[in-house]
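Okay, here's what each chain looks like letter by letter:
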Amino acid sequence: MNVALRSHTSVTSKTYEHTILIVDDNPTNLGVLSDYLRDSGFRILVARSGESALKKVKYATPDLILLDVMMPGLNGFETCRRLKADETTKEIPVIFMTALAEPEDKVEGFRVGGVDYVIKPLHHAEVLARVTTHLRLRDLTKDLQEQNLQLQRTTVQLETSSQVAKQATSILELDELLERVVQLIQSQFVYYFVGIWLPNRLQDALVLQTYAAPTATGAIPKATANQRPAVHVPIEMENSIVAWVFRQGEQYVAEDVSLDPTYLALDNLPDTQSELALPLHIGSEMIGILDIQSNQLAAFGAEDKIVLQTLADQIAIAIRNAHLYKREQGRRQLSESLEQTGRVLSGSLDLHQTPGRILQLLADVVPYERGAVMLQYDQELRSIAQRGFPDDDRVKELQVPIREGDVFDQMLSTRQPIVVDDVTAEAGWQQVIWLPVDHSWLGVPLISKYRVMGMISLTRREVAAFTSDDVTLVLSFASQAAVALENANLYAEISRLNEDLEQKVAQRTQELNEAYQVLERLNKAKTDFIDVTSHELRTPLSVIRGYTQVLGIMPAITHNAEIKDLLDGIVNGVDRLHQIVNLMLDVVKIDTAALNIHPEPTPIEVVINEVVARLTKALQERELTLTVEPLELLPPLEIDPDLMNKVFNQLITNAIKYTPDGGSITISGRLISAKASQPMVELVIQDTGIGIHPSHHEQIFEKFYQTGSVALHSTGQTKFKGGGPGLGLAIVRGIVSAHGGRVWVESSGHDEENYPGSQFYIQLPVKQP
Ligand code: ADP
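Residues numbered from 1 in each chain as written. Predicted model: local features only at pLDDT ≥ 70, side-chain atom pairs only at ≥ 80, totals over all residues. Heavy atoms only, no water.

## Focus on the overall build of the protein chain
- When helices and strands are counted, the protein chain shows 16 helices and 24 strands.
- What you see for the protein chain is a C-alpha radius of gyration of 62 Å, clearly larger than the 27 Å of a compact globule of 769 residues, by over 25%.
- Principal-axis analysis of the C-alpha atoms gives the protein chain an extent of 210 × 60 × 45 Å.
- Expressed as a percentage of its 769 residues, the buried residues of the protein chain come to 44%.
- Sequence separation of at least 24 residues holds for 64% of the intrachain contacts in the protein chain that already meet a minimum separation of 6.
- By element, 54% of the accessible surface of the protein chain is carried by carbon and sulfur atoms, the whole surface being about 40300 Å².
- Here the protein chain carries 69 positive and 99 negative side-chain charges, and the mean point of each set is 2 Å from the other. (Helix = DSSP H or I, 4+ residues; strand = E, 2+ residues; numbered from the N terminus. Rg over C-alpha atoms; globule rule 2.2 N^0.38 Å. Buried < 20%, exposed > 50% of the residue type's maximum accessible area, 1.4 Å probe, protein only. Contact = heavy atoms within 4.5 Å. Areas by Shrake-Rupley, 256 points an atom, 1.4 Å probe, with all protein chains shown as cover. Lys, Arg positive; Asp, Glu negative; His and termini not counted. Charge placed at Lys NZ, Arg CZ, Asp CG, Glu CD.)

So, in structure tokens, the structure goes:
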């Protein structure tokens, strides 16, 4: 219900000083009656004509009119009709004074709106009695009307009050709440202006947060609309009603603002006539002002003040609730953001992306105009990520020198955040000239492992825009960000190291390849050399051999023991050379992968026994005991018997050569059949010889490799430590490998006094038929 109500008077009935307008063209009558009524305690106005009466009632509203009927110009009836036709005068009771005593005249008088009549000549006491009666009637009606109005008004107030209470508990967004409340009060009470002022952060000024003023001549900037600057009034200001109320914590009413020195006119509100400002407070804490302005003089009755203060108290509680809610919401948002930040940042190890993500996530928690992540490099802070900056190439190279005593220097040394409320008032502030001035600045150090690595720098346009809550928020954020930056940094470093390492490995591999190629070339040259030499030696050797055989059967030689010895020496030497040449040819075959294997199922003991039989003589000469453990149970092997013969011949010969006289040689074998792999036959030739140092276990299988000095070798093939070309084991490995087997040696070391012995192992696959 929208009722425009203006109450100037109180509800309770009281004695008015009544004004009576007497209208009569006869000055004598007028004078006598005026004197009489004035003496009876009334204010008297007079008019000599109907026209003049109509004019007078306009500016001086009488409480009753005594109206002569017979007048020149407008007569009484006509004058009355006009009074009743006018809204502003129709309620004034009219009593006719008439000499006409005809009933028609009386009826006409009532018809045009008169309440009574007195007959001329006037009987003064009667006039007084009638006037008094009608005035009392009039007063009673007025009181009733007023009570009725006040009732309506109270209903509106109660209704508004309950609506405000409802809004206050249901709306938790402060801006929305205040907006609704001022709209409600303004529309329900039809005030010219209803506004709410809240103190700024520094508590040195009141800011017009929001207002409702439908008939204002233009928009007034308000804080909720994010209009900068909203209307500000310094709290210390003398001629401002709202500032006064904020300082005093009491209501203030200006019945007529034109007479009030404290009144401060707001732009666009030219029609303000009276103003009521009510404190919004919780206990003794002032939290704002409810400011109501009316375009009527003295628009605020005692009742209004009480009701409006009740509303103000409800608004104050609602503001406090909204603040609490906002803080709680802020906390929740922060913890969510931090949690999210932790997740996002710990997952991001890219040094180029992390700082940007930090600023992005931060913007959700603490709004800012411009933000930068800056890292310290010596005496300089360099920006590595920016947000909200103008589109300018210089932004990427943004750097600030750290000067002694400036804010950065302070922050780096104290490790504490720094807030500058107004950079333009900060001595020594280094404003980047091509950037717009944002008044507020917040710098928070990025600390990782007790080291300040840089800072997060934020700006806001207005003065003193960062609250202590903001600082706390950015601070918790910064600690996470610092760890993320540190991680990204470490990661970048590790990546760099890895890249270096990879490069080095590649380089070494290349070098190794080159060396390998050189070696291969050398190896090939060696093989070629052996190949050529052995072929070249074979022919003349065969010739020598043939001739010595011929010589051996010639009687001249067989009968001459001396020459026979010499010839035997030649024959032995040639045989040895022949063997060596054969070995060389075998090596070439193995090296050039030209070894042809002709495998056939062969019991291994057959091969071994053949070799042993051939070496019986040598064993006897050297007084060596050779034991071949039973091998019959081993499965026959798919092997080339001739090549395998060479293998065992070489290994047993070596055992004879490197075992001192009187020693022993044992040959054993077993079947190895593990489930997962192919079954193998393992043969071991064990001697009680000089042994081999572990460092040579592999090398002895290389061609031309011999341990010890060549010069020390005795020459005989089966003599103790008899020399050889160092090809035997190379051939052994070549042949065994070609059979899909492997060969190796085990020996605790080389010792020519204690003879630790050696064990040569051969494993050959058992081919499934
Ligand atoms: P060589 O013709 O010199 O015998 P091998 O290739 O047969 O060449 O052997 C290489 C080297 O391995 C030998 O010079 C010797 O030092 C060592 N060697 C081989 N077999 C034995 C063994 N049973 N005991 C000790 N040393 C051995």
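## Things to note about the environment of Arg733
- Looking at the secondary structure, you find Arg733 in helix 16 (residues 728-738).
- A relative accessible area of 22% places Arg733 in the partly exposed class.
- As a C-alpha pair, Arg733 and Lys56 span 677 residues in sequence and 143 Å in three-dimensional space.
- Excluding its chain neighbours within four sequence positions, the residues that come into contact with Arg733 are Glu698, Phe701, Val743 and Trp744.
- For Arg733, the side chain forms a polar contact with the main-chain oxygen of Val743, separated by 2.9 Å. (Polar contact = N/O pair within 3.5 Å; in protein donor to acceptor, adjacent residues only side chain to side chain.)

## Topic: the pairing of strand 4 (residues 94-98)
- With five of its five residues buried, strand 4 lies for the most part within the structure.
- Every second residue of strand 4 is oriented toward a common face, with Val94, Phe96 and Thr98 on one face and Ile95 and Met97 on the other, all of them buried.
- Between the parallel pair strand 3 (residues 64-68) and strand 4, the chain is carried across by helix 3 (residues 76-85), and the sense of this crossover is right-handed.
- Relative to strand 5 (residues 116-119), strand 4 runs parallel, the two being bridged by four bridges. Of the residues in strand 5, the one forming a bridge with Phe96 is Tyr117. (Right-handed = clockwise from strand over helix to strand, strands pointing away. Pairing = 2+ DSSP bridges.)

## Comments concerning the pattern of salt bridges
- The full count for this structure, using the stated rule, is 28 salt bridges.
- Across the pair Glu682 and Arg670 runs a salt bridge whose closest N-O atoms are separated by 3.0 Å. Remark: Arg670 occurs in strand 21 (residues 664-672) and Glu682 occurs in strand 22 (residues 680-687); sequence separation between them is 12 residues.
- With relative accessibility at 6%, the residue Glu682 sits in the buried group.
- Since its relative accessible area comes to 47%, Arg670 is described here as partly exposed. (Salt bridge = Lys/Arg side-chain N within 4 Å of Asp/Glu carboxyl O.)

## With respect to helix 16
- Within helix 16, eight of the 11 residues are buried, which leaves the element mostly enclosed by the surrounding structure.
- Inspection of helix 16 places Gly728, Leu729, Ala730, Ile731, Val732, Gly734, Ile735 and Val736 among the buried residues, and these make up the whole buried set.
- Considering only its buried residues, helix 16 is in contact with helix 13 (561-591), helix 15 (641-657), strand 23 (742-746) and strand 24 (759-765).
- Looking one or two residues past helix 16, Gly740 carries a phi angle of roughly 80°, positive in sign.

## Things to note about the sheet that holds strand 13 (residues 380-387)
- Overall, antiparallel pairing links the six strands, which are arranged 14-13-12-17-16-15 in an open sheet. Strands at the two margins of the open sheet, each flanked by one partner only, are strand 14 (399-401) and strand 15 (418-420). Averaged over all adjacent pairs, the angle separating strand axes in this sheet is 25°, with direction ignored.
- Alignment of strand 12 (residues 370-377) against strand 13, held across seven bridges, turns out to be antiparallel. Residue pairing across strands places Val373 opposite Ala385, the latter belonging to strand 13.
- Helix-sheet contacts for helix 9 (residues 354-365) involve strand 12, strand 13 and strand 17 (451-460), and the interaxial angle to strand 13 is about 60°.
- Contacts between helix 10 (residues 407-414) and the sheet are confined to strand 12, strand 13, strand 14, strand 15, strand 16 (440-448) and strand 17, with strand 16 contributing the most and set at about 35° to the helix. (Axes fitted to C-alpha atoms, helices over the stretch in contact; angles between N-to-C directions.)

## Here's the deal with a negative patch on the surface
- Together, Glu600, Glu610, Glu638 and Asp642 give the surface a local cluster of negative charge.
- Structurally, Asp642 can be placed in helix 15.
- Classification of Asp642 by relative accessible area gives exposed; the value is 60%. (Patch = residues over 30% accessible without salt bridge, like charges linked within 9 Å, V, L, I, M, F, W, Y side chains within 5 Å.)

## Digging into the sheet that holds strand 19 (residues 625-628)
- If you walk across this open sheet you meet the five strands as 19-21-22-24-23, and the pairing is mixed. What marks the edges here is a single partner per strand, and that holds for strand 19 and strand 23. Between one strand and the next, the sheet's axes are offset by a mean angle of 15°, whatever the strand orientation.
- Along the sheet, helix 16 contacts strand 23 and strand 24; its crossing angle with strand 23, the most-contacted strand, is approximately 140°.

## Describing the packing of helix 14 (residues 604-621) against helix 15
- Packing of helix 14 against helix 15 brings their axes to within 9 Å, and their N-to-C directions diverge by 40°. Classified by the angle their axes make, helix 14 and helix 15 are oblique. Two packed elements cross with a definite hand, and for helix 14 against helix 15 that hand is right-handed. Contact residues: helix 14 offers Ile604, Val607, Ile608, Glu610, Val611, Val612, Arg614, Leu615 and Leu619, while helix 15 offers Pro641, Met644, Asn645, Phe648, Asn649, Ile652, Thr653 and Ile656.
- A breakdown of the residues in the contact of helix 14 with helix 15 according to their chemical character gives 12 nonpolar, three polar and two charged. (Parallel < 35°, antiparallel > 145°, perpendicular 65-115°, else oblique. Left-handed = near helix turned anticlockwise from the far one by under 90°. Nonpolar A, V, L, I, M, F, W, Y, C, P; charged D, E, K, R; others polar.)

## Quick look at a nonpolar patch on the surface
- A contiguous nonpolar patch, built from Val518, Leu519 and Leu522 and spanning about 280 Å² of accessible area, is present on the exposed surface.
- Inspection of the secondary structure puts Leu522 in helix 11 (residues 468-552).
- Here Leu522 falls in the exposed class, since its relative accessible area comes to 52%.

## Some details on the nonpolar core
- Membership of the largest hydrophobic core comes to 48 residues, with the highest contact counts inside it found for Ile604, Val647, Phe648 and Ile652.
- With near-sequence residues (within four places) excluded, Ile652 lies in contact with Val611, Val612, Leu615, Leu626 and Ile667. (Core = buried A, V, L, I, M, F, W, Y, C linked by side-chain atoms within 4.5 Å.)

## As for unusual backbone geometry
- With an omega dihedral of -10°, the bond running from Lys120 to Pro121 counts as a cis peptide bond.
- The phi torsion at Glu623 lies on the positive side, around 55°, for a residue other than glycine.

## Regarding the side chain of Asp406
- Secondary-structure assignment places Asp406 in the loop between strand 14 and helix 10.
- Buried and unpaired, Asp406 has Arg403 as its nearest opposite-charge partner, separated by 5.9 Å.
- Here Arg403 takes part through its backbone nitrogen, which lies 3.0 Å from a polar atom of the side chain of Asp406.
- Engagement of the side chain of Asp406 in a polar contact is seen with the backbone nitrogen of Asp409, the distance being 2.7 Å.
- Beyond its immediate stretch of four places on either side in the chain, Asp406 contacts Pro401 and Gln430.

## Concerning the packing of aromatic side chains
- In total, this model carries 11 aromatic pairs according to the counting rule given.
- Summarising the aromatic geometry, the rings of Trp244 and Tyr252 are spaced 5.0 Å apart at their centres and angled 65° between planes, so their arrangement reads as edge-to-face.
- In this structure Trp244 comes out as partly exposed when scored by relative accessible area, which is 22%.
- Ring centres of Trp744 and Tyr761 lie 5.0 Å apart, and the angle between their planes is 5°; this geometry places the pair in the stacked category. Here Trp744 is found in strand 23, whereas its partner Tyr761 is found in strand 24, with 17 residues between them in sequence.
- Looking at Trp744, the relative accessible area reads 17%, which means it is buried.
- Judged by relative accessible area, Tyr761 falls into the buried class, the value being 15%.
- By way of ring pairs, the aromatic residues Phe189, Tyr191 and Phe300 are connected into one cluster.
- The aromatic ring of Tyr211 is capped on one face by Lys222, whose charged end is 5.1 Å from the ring centroid.
- It is Arg382 that lies over the ring of Tyr377; its NZ or CZ is 4.4 Å from the centre. (Phe/Tyr/Trp six-rings, centres within 6.5 Å; stacked < 30°, edge-to-face > 60°. Lys NZ or Arg CZ within 6 Å of the ring centre and 35° of its normal.)

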